[in-house]
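Each chain, letter by letter, is given below.
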Amino acid sequence: MSLDNAQVKPHEALSIALADEMDAVNTLIRTRMASKHAPRIPEVTAHLVEAGGKRLRPMLTLAAAKLVGYDGPYHVHLAATVEFIHTATLLHDDVVDESGQRRGRPTANLLWDNKSSILVGDYLFSRSFQLMVETGSLEVLDILADASATIAEGEVLQLTAAQDLATTEDIYLQVVRGKTAALFSAATKVGGVIANAPQEQIDALYTYGDALGISFQIVDDLLDYWGSDATGKNIGDDFRERKLTLPVIKAVALADDEERAFWDRTIAKGDQKDGDLDHAIALLNKHGTLEATRQEALEWADKAKTAMTALPDDPIRTMLIEIADYVVARLT
């Protein structure tokens, strides 16, 4: 049975194993997203926070801390911090991308306005730093502050790289490390740091989060051309938004003059016509870039699983390994 068809998916199994801690995280999130003077803040935040989602990032923090034997209270603070940072970036991203839908619901910027989304996102960033400080760990503060800066840097880099045919795979990886993997790796690393785990285990947790985040984003980008209704992705959204993702970067590198002119018209210049998406997918298949991208996602997932060998043998370790498999199982 594939992971996608399993009765209990790996992230759901992890959620069950961490149920008490996640309840504490959710309670803390609801408490800290309140505002005495600006009721719009909890309205906007609740719309996104209560919309569902896997809560994978905060679960990674809880799992990392528990895996290396932490028995204090502050992994809950850090998990809430990670979720606040993630939610803030989603609020900002939806404004930047002019999105109208998130997790199957209208976005906050559509229901309220762009100003509310930006300012509430700023509020959540501020709240996240308050939570970090409460742990009393400068190292934790350094890791999460650095991740926040890296996320913003990655988003700005994507603005300039997304429609530039000169964008290389190295630049793409830098964008992915910023916009996605930075928070995954920070989420896992701080779990080890707050537990005062040995440096080898902290490094392994960081490597796991980094590789998992990269694999996660590559799969997400690939599903834009490979997916179906069952994956929850609308085929061609990235193409229509002129996002230069890994399958296209690989195809541009292999393109002849006629093909490059097609990519220049559709991606660089945004002059798209009926049938262009089908032609784009045909070019990706012609050069085998969808399969090549899938192989890269699998390699990063394998790197995440390998990192787990440095950590204690525990049911949580098994669940984290299975999550890495599940991320790429969406491609089967």
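Residues numbered from 1 in each chain as written. Predicted model: local features only at pLDDT ≥ 70, side-chain atom pairs only at ≥ 80, totals over all residues. Heavy atoms only, no water.

Visitor: Would you explain the pattern of salt bridges in this entry?
Guide: Side chains carrying opposite charge are able to pair once their charged atoms draw close together. The full count for this structure, using the stated rule, is 15 salt bridges. The salt bridge partner of arginine 55 is glutamate 83, with a shortest N-O separation of 3.9 Å. Remark: glutamate 83 occurs in helix α5 (residues 74-96) and arginine 55 occurs in the loop between α3 (40-49) and α4 (56-67); sequence separation between them is 28 residues. Taken as a pair, arginine 55 and glutamate 83 share a single burial class, namely buried. In this structure, the salt-bridge partner of lysine 243 is glutamate 241, at a minimum N-O distance of 3.3 Å. For glutamate 241, a relative accessible area of 39% corresponds to the partly exposed category. When salt bridges that share partners are traced, they join Glu169, Lys250 and Glu296 into one network. (Salt bridge = Lys/Arg side-chain N within 4 Å of Asp/Glu carboxyl O. Helix = DSSP H or I, 4+ residues; strand = E, 2+ residues; numbered from the N terminus. Buried < 20%, exposed > 50% of the residue type's maximum accessible area, 1.4 Å probe, protein only.)

Visitor: What is the right way to read the environment of threonine 309 from this model?
Guide: Relative to the elements of secondary structure, threonine 309 occurs in the loop between α15 (289-307) and α16 (315-329). Threonine 309 sits in the exposed class, given a relative accessible area of 62%. Once the C-alpha coordinates of threonine 309 and glutamine 201 are considered, the two residues, 108 residues apart in sequence, prove to be 9.5 Å apart. One polar contact links the side chain of threonine 309 to the main-chain carbonyl oxygen of threonine 306, over a distance of 2.7 Å. (Polar contact = N/O pair within 3.5 Å; in protein donor to acceptor, adjacent residues only side chain to side chain.)

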